[in-house]
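# A structural walkthrough
Chain by chain, the residues run as shown.
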Amino acid sequence: LARAGNTMLALELFERVKREGMNPTVFTFASLIKCFANNGDWKQALLLLEDMRISGVEPNLVIYNSCISACEQAGRLDVAQNLFNELEVLKIRPDVITYSALISTCEKAGEWRQALAYLEALKSSKLKVNEVAYNAAIAACGRGYQWRKAIDLLRELSDTEGLKPDVYSYSSAIAACERSQRWQDAVDLLEEMIQKGLIPNVVCFSSAISACSKAGQWEFAMKLLQRLRDGQGLTPDLIAFNACITGCARSLQWEKALELFDEMVKCGISPDVITFNSLINACARASKTEQALSLLKKMESSGITPNIISYNSAISSCNEVQQAESLLVRMRERGIEPNTITFNSLISVCAREKNWQRALELFGAVPKADIITFNSCMSACAKGDQWNLIEELFGKMKRMGLKPDEITFSLAIVASEQTGDWACAVSRLSEMKANGFTPNLMCYTSAINACTNARELDKVFELEQDMSVSGIEPGAALKWDLGRLREDFLVSRHNENS
């Protein structure tokens, strides 16, 4: 029963045997513990281990290895380490299976350093290291974003006599590069394993595709997808398609993303919430409102429940406030509460429609305003010529402890120009530089215009010099204005001296 996976029935039979006075043997316990270990039920496995001790049955290494394996699936490194320490107390020598299970547990727990420590302990023992231990250590490094260490272990495995990297070795190393956004290394490893006669599986390709997508290499990702299908004769899975679609979305290739969607449906692969979210995001980033809303509707009709990411992306695609707010109503009807990103998207739509009044109303409803909230609201006020409100928002943001970014400073400097506050414009420009940002031409132009209007010519020429030192070339109009001001200034000085 245990081998067949009928754990509860096997446990009932085990308890009945005990009640009838029959003593279970070490083999009985081993079979039952292994069964629970395979199901990841580490608590039940440990209860049976304790039951063994109470029954006077001496647990052996096989029993402990099964219990450690049970902890591996649950990522309970603390419990696995306690079991490992018990082996030393009982003078039971661990084997390569023990160490491999421990290293895998470290991977699941995200403890790559501990995984390497156990690998070193295994190498220092008289036991023969196998590929399983190395693969587990490579996977642990990948989970810990240690791509270089993962590749080093792969090389070490290749150089170890009697051992050869397998598909899982490369798969784990490629996944490590993917997690650390090392797309070129991921692709190189894929090529390397093919050259060594190993046939990459879908997981290898999916990881490499994802690495390319994250790095904005959408065309390379598309080539890998095609190669997976045509060159290797494999059917891309949902992960591969989603990675490719996400890459297209990030690179504003919304049409390519939709083509991939049609292709995956033809392959018989059902899209999931990630697929639709990536597609809606692709259309939203390309300002394709109709397509984004159509996908949201298709998502609902396909039986896939949209989440907050789905609605936030759809809202950000809208060009009309009324359209965006209707989506807000729909998401609330579904029991989804809007978050800061939702309101930021709504306020951005208000900015596009120059509806600064509604933007301010929504601003008051934001759960926790961030820098994007303020920038979006300030942008809406700028489009509505509400320059004093921008100054108020800038001050409020700083009082909340939020740090302005380039967009915030740019809007604040323009607002100071429009309100005729040259000193404030110059101060904002200096503050912007002090915060590590390089003012662009628009910032300098606004500050110079503010000083020009106030006839603060010394400050104008000071800003011109500062702009030159920063390597920013004035536009034709600004250059002409500065030349005219310099001539007027020289004439004025000459008249004064005369």
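Residues numbered from 1 in each chain as written. Predicted model: local features only at pLDDT ≥ 70, side-chain atom pairs only at ≥ 80, totals over all residues. Heavy atoms only, no water.

### As for the overall build of the protein
- When helices and strands are tallied, the protein shows 28 helices and zero strands.
- A compact globule built from 498 residues should have a C-alpha radius of gyration of about 23 Å, whereas the protein, at 32 Å, is more than 25% larger.
- Its C-alpha atoms give the protein principal-axis dimensions of roughly 120 × 50 × 50 Å.
- A buried classification covers 47% of the 498 residues belonging to the protein.
- Counted over contacts in the protein with a minimum sequence separation of 6, partners at least 24 positions apart contribute 61%.
- Roughly 24,700 Å² of accessible area belongs to the protein as shown, and the carbon and sulfur atoms make up 50% of that amount.
- When the 54 basic and 61 acidic side-chain charges of the protein are each reduced to a single mean position, those positions are 3 Å apart. (Helix = DSSP H or I, 4+ residues; strand = E, 2+ residues; numbered from the N terminus. Rg over C-alpha atoms; globule rule 2.2 N^0.38 Å. Buried < 20%, exposed > 50% of the residue type's maximum accessible area, 1.4 Å probe, protein only. Contact = heavy atoms within 4.5 Å. Areas by Shrake-Rupley, 256 points an atom, 1.4 Å probe, with all protein chains shown as cover. Lys, Arg positive; Asp, Glu negative; His and termini not counted. Charge placed at Lys NZ, Arg CZ, Asp CG, Glu CD.)

### Details of the packing of aromatic side chains
- Tallied over the full model, the rule gives seven aromatic pairs.
- An aromatic cluster is present here, built from Phe-84, Tyr-99 and Tyr-118 joined pairwise through their rings.
- Over the ring of Tyr-145 we find Arg-179, and its NZ or CZ is 4.7 Å from the ring centre. (Phe/Tyr/Trp six-rings, centres within 6.5 Å; stacked < 30°, edge-to-face > 60°. Lys NZ or Arg CZ within 6 Å of the ring centre and 35° of its normal.)

### A short note on the pattern of salt bridges
- All chains considered together, the criterion is met by 23 salt bridges.
- Across the pair Glu-178 and Lys-214 runs a salt bridge, and its minimum N-O distance is 2.6 Å. A residue pair is termed long-range when its members are at least 10 positions apart, and Glu-178 in helix H10 (residues 167-179) and Lys-214 in helix H12 (residues 202-214) qualify at 36 residues.
- Residue classification places Glu-178 among the buried positions, given a relative accessible area of 12%.
- Residue classification places Lys-214 among the partly exposed residues on the basis of a relative accessible area of 32%.
- A single salt-bridge network, built from bridges that share partners, covers Glu-391, Lys-398, Arg-428 and Glu-431. (Salt bridge = Lys/Arg side-chain N within 4 Å of Asp/Glu carboxyl O.)

### Details of the confidence of the model for the protein
- When pLDDT is averaged across the protein, the result is 89; 93% of the residues are at 70 or more.
- In the model, residues 1-5 has pLDDT below 50 throughout and makes nine contacts with residues more than four positions away in sequence or in other chains. (pLDDT = per-residue confidence, 0-100.)

### Observations concerning the packing of helix H16 (residues 273-285) against helix H18 (residues 308-317)
- Interhelical geometry of H16 versus H18 gives an angle of 15 degrees and a closest axis separation of 8 Å. The angle between H16 and H18 places the two elements in the roughly parallel class. The way H16 lies across H18 gives a crossing that is left-handed. Counted together, Val-273, Asn-277, Ile-280, Asn-281 and Ala-284 of H16 and Ile-309, Ser-310, Ser-313, Ala-314, Ser-316 and Ser-317 of H18 form the full contact between these two elements. (Axes fitted to C-alpha atoms, helices over the stretch in contact; angles between N-to-C directions. Parallel < 35°, antiparallel > 145°, perpendicular 65-115°, else oblique. Left-handed = near helix turned anticlockwise from the far one by under 90°.)

### Focus on helix H24 (residues 406-418)
- Its 13 residues give H24 an end-to-end C-alpha distance of 18 Å, which sits within 8% of 18 Å, the value for a rise of 1.5 Å per residue.
- Among the 13 residues of H24, 10 are classified as buried, and the element is accordingly described as predominantly covered.
- On its buried face, H24 is in contact with helix H22 (371-383), helix H23 (387-399), helix H25 (422-434) and helix H26 (441-453).
- Just past H24, the residue Gly-420 takes up positive phi, approximately 80 degrees. (Expected span 1.5 Å × (residues − 1).)

### What to know about the packing of helix H9 (residues 147-159) against helix H11 (residues 183-195)
- In the contact formed by H9 and H11, the axes pass within 12 Å of each other and the chain directions differ by 15 degrees. Between H9 and H11, the interaxial angle falls into the category roughly parallel. For H9 against H11, the interelement crossing comes out left-handed. Facing Trp-147, Ile-151, Leu-154 and Arg-155 of H9, the residues of H11 in contact are Asp-185, Leu-189 and Glu-192.

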